[in-house]
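An overview of the molecular structure
Here is what each chain is made of, one letter per residue.
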Amino acid sequence: MEAGGASSRELVSEDAEVRASPQMYSAVGMAMVGAAMFGFDQGNFGDVQAFKSFRDEWCIGRFGDAESCGDQGYLTNGNWNENFITWGATLITFGAAAGAILAGPPLANKLGRRPCIQVGGAVCFLGCILASYASFHSVVIFFIGRFITGFGVGVSCFALPMYNAEVSTSSIRGATGSLFQLNVVVGCFISIIVTFVDQDWYVCMMLPGFAGAVLAIGGFFIPESPRFVMEKTIHREGTEAAMNAGMRYLTRLRSGDARPEAGEILEQVKEERDIEHVSFTGLFRERNLRKRVLIACTLVICQQTTGVNAFLGYASAIFKECGIQDPIVFNSLFNGVMIFGCVAGLLLVDSKYGGRRSQLLIATVLMGPPLVLAGLALQYGLPGIITMVCVIIYGVGFQFAWGTIPWIYPAEIFTMAEKEAAVSLAVGVNYLANAAIIYITPLLMNAFFVFTFIKETKGVHLEHIPELFRSERQRRALLRAEQRAAESAASSPAAQA
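Cut-off values and rules
- Residues numbered from 1 in each chain as written.
- Predicted model: local features only at pLDDT ≥ 70, side-chain atom pairs only at ≥ 80, totals over all residues.
- Heavy atoms only, no water.
- Helix = DSSP H or I, 4+ residues; strand = E, 2+ residues; numbered from the N terminus.
- Buried < 20%, exposed > 50% of the residue type's maximum accessible area, 1.4 Å probe, protein only.
- Contact = heavy atoms within 4.5 Å.
- Areas by Shrake-Rupley, 256 points an atom, 1.4 Å probe, with all protein chains shown as cover.
- Disulfide = S-S within 2.5 Å.
- Salt bridge = Lys/Arg side-chain N within 4 Å of Asp/Glu carboxyl O.
- Expected span 1.5 Å × (residues − 1).
- Bend = angle between axes of the 7 residues up to and from the residue.
- Polar contact = N/O pair within 3.5 Å; in protein donor to acceptor, adjacent residues only side chain to side chain.
- Phe/Tyr/Trp six-rings, centres within 6.5 Å; stacked < 30°, edge-to-face > 60°.
- Core = buried A, V, L, I, M, F, W, Y, C linked by side-chain atoms within 4.5 Å.
- Patch = residues over 30% accessible without salt bridge, like charges linked within 9 Å, V, L, I, M, F, W, Y side chains within 5 Å.

1. Some thoughts on the overall build of the chain
Scanning the chain from N- to C-terminus turns up 23 helices and two strands. The 497 residues of the chain split such that 52% are buried. Within the chain, counting contacts between residues at least 6 apart in sequence, those at least 24 apart form 79% of the total. Split by element, the accessible area of the chain, about 22800 Å² in all, is 63% carbon and sulfur.

Okay, here's the thing in structure tokens:
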């Protein structure tokens, strides 16, 4: 080993005698309802946009007529898709980025992790009200509601990874951190089941708000982060008071003697006491910190460029254009199966068989080939079941690692002085990348449609144009049939005579 270096094994704290208490699991579980807020919206809007009642409310008379807003017409209605659906899908992610960057850091640092999570839930509830029952048939109010909904999600999701990392024991921190993505997936699945059973768009648009209300109220029953309590107390009342204050919260989260762990936390807080919190510009001044910031931001960008939120945000349109007859039913299957991938990743991430790096590499191998095969199946008109199976394999691979680890990793690699700005930046970049993917998806879908289905007819005789639209398999079958017919005609008695 090099001088001054340390292996990952040596940096793992030994806290085998201190175990997580039931209240710690309750605290993490309640906080992770914030992840379900985002999951509810990711799942519900992809289906709600296909509801007849929703299209009757927002499309007819504004972005088209009864035909262009109908069951088939809305898929190719550019005015509706580009000027309403795209903005309805992206405004929530722009709002989430704004909440994570502008409001999350001061709330989490001044008031605490728990109040930050609660405020986000309350703001999300308000946004959902404006995007449903209090929209008053106004597109502007609907869009404002979508932005505010995302703003609340961003505020909560800024504090959630920090809260989880600070209340969990090190031995299970990764697994409990994976609960974030698990709750996103479960939220998506529940929202899709609800939209399948109840196609009242008002109720379905309120789903993230219901989760926000639970989070805002339930937050009163979970403890604050002991690390945050120590950090604030030591400035006002000194070391001994900070130790006692931290112990009051830590003993609620641990089974066993929590004093050694409290001592470690206090020592780190003391070391960081006179260090000013790093600003956004300060994140790029020191080489080691700059490297960790770029890793965190690149990781979340890679998470979004896998394209999973394109599937979630435009589920009905994408699956229908893939030839799936009932896209809502398939979307339910798609999200249900993804839960198994997320659970598998959660169980392995802190075991000797898994890990952050190894699971990301395995997931990448699982996701790439099925997407390529699905694209080829669509291009060459292969049976739709091939596309469906490939998309499901891709979804499982995503949730196995890329869905979970980018939420865990940034909260682990920064000190308290760095964490506020660094995690805020990583979460904000995540949502901005999400917005970019959702925005460009319709453009890519149009390009894919043109590339796949529009054939060049310039210079082609009219009688030959229909042949352009046959698949390669159909053309080969037709050619074989013509050859057999020619051979049969050549061997007939009339031809021989």
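2. Overview of the state of the cysteines
Inspection of the entire model under this criterion finds one disulfide. Between C59 and C69 runs a disulfide, and the two sulfur atoms are separated by 1.9 Å. Since a negative S-S torsion denotes a left-handed disulfide, the C59-C69 link at about -70° is left-handed. One end of the pair, C59, is in the loop between α3 (52-58) and α4 (78-110); the other, C69, is in the loop between α3 and α4, and ten residues separate them in sequence. Across this residue pair, the class does not change: C59 and C69 are buried.

3. Remarks on the pattern of salt bridges
Here the structure, examined in full by the defined rule, presents seven salt bridges. Across the pair E267 and K270 runs a salt bridge whose closest N-O atoms are separated by 3.5 Å. Within this pair, E267 and its partner K270 are both found in helix α12 (residues 259-273), separated by three residues, close to a single helical turn. Note on E267: relative accessible area 40%, which makes it partly exposed. Owing to a relative accessible area of 29%, K270 belongs among the partly exposed residues under this scheme. Across the salt bridge formed by R356 and E412, the nearest N and O atoms sit 2.6 Å from each other. Here R356, found in helix α17 (residues 356-379), pairs with E412, found in helix α19 (residues 405-412); they are 56 residues apart in sequence, far enough to count as distant. Residue classification places R356 among the buried residues on the basis of a relative accessible area of 17%.

4. A word on helix α6 (residues 139-167)
Because an α-helix packs 3.6 residues into every turn, residues spaced three or four apart end up facing the same way. For α6, built from 29 residues, the straight-helix expectation of 42 Å at 1.5 Å per residue is met to within 8% by its first-to-last C-alpha distance of 42 Å. The largest bend along α6 reaches roughly 25° and is located at L160, with the proline P161 sitting one to four residues downstream. Of all 29 residues in α6, 23 are buried; the element is thus mostly enclosed. Capping the start of α6, S138 holds a side-chain oxygen 3.3 Å from the backbone nitrogen of V140, two or three residues further along.

5. Remarks on the packing of aromatic side chains
In this structure the tally under the stated criterion is 17 aromatic pairs. Where W80 meets F84, the ring centres are 4.9 Å apart and the plane angle is 15°; that geometry is what we call stacked. Taken together, the residues W80 and F84, both in helix α4 and four residues apart, mark about one turn of the helix. Comparing W80 with F84, the two get one shared label, buried. Members of the aromatic cluster, joined through ring pairs, are F45, F54, W58, F63, W80, F84, Y133, F142, F143, W201 and Y202.

6. Describing the nonpolar core
Ranked by size, the top nonpolar core spans 43 residues in total, and within it C116, I117, V153, F158, Y163, F180 and Y431 carry the most contacts. Mapped onto this core, the elements with two or more residues apiece are α1 (22-31), α2 (33-48), α4, α5 (113-130), α6, α7 (173-197), α9 (207-218) and α20 (416-453). It is α6 that contributes the most residues to this core, nine residues altogether. Sequence-distant contacts of Y163, that is, excluding residues within four places in its chain, are made with A27, A31, R113, I117, I222, P223, E224 and S225. Of all hydrophobic cores here, the second largest spans 27 residues; its members include V185, L299, F311 and C322.

7. Re a nonpolar patch on the surface
Taken together, W87, F94, F147, L432, Y439 and I440 make up a surface patch of nonpolar side chains, about 510 Å² in accessible area. Among the elements of the structure, α4 and α20 are those that each provide at least two residues to the nonpolar patch. At three residues, α20 tops the list of elements feeding residues into the nonpolar patch. With respect to the helices and strands, the residue I440 is situated in helix α20.

8. Section: unusual backbone geometry
Positive phi, close to 55°, is recorded for F136, a residue that is not glycine. Note that F136 resides in the loop between α5 and α6. Residue classification places F136 among the exposed residues on the basis of a relative accessible area of 62%. Even without glycine at this site, H137 takes up a positive phi of about 60°.

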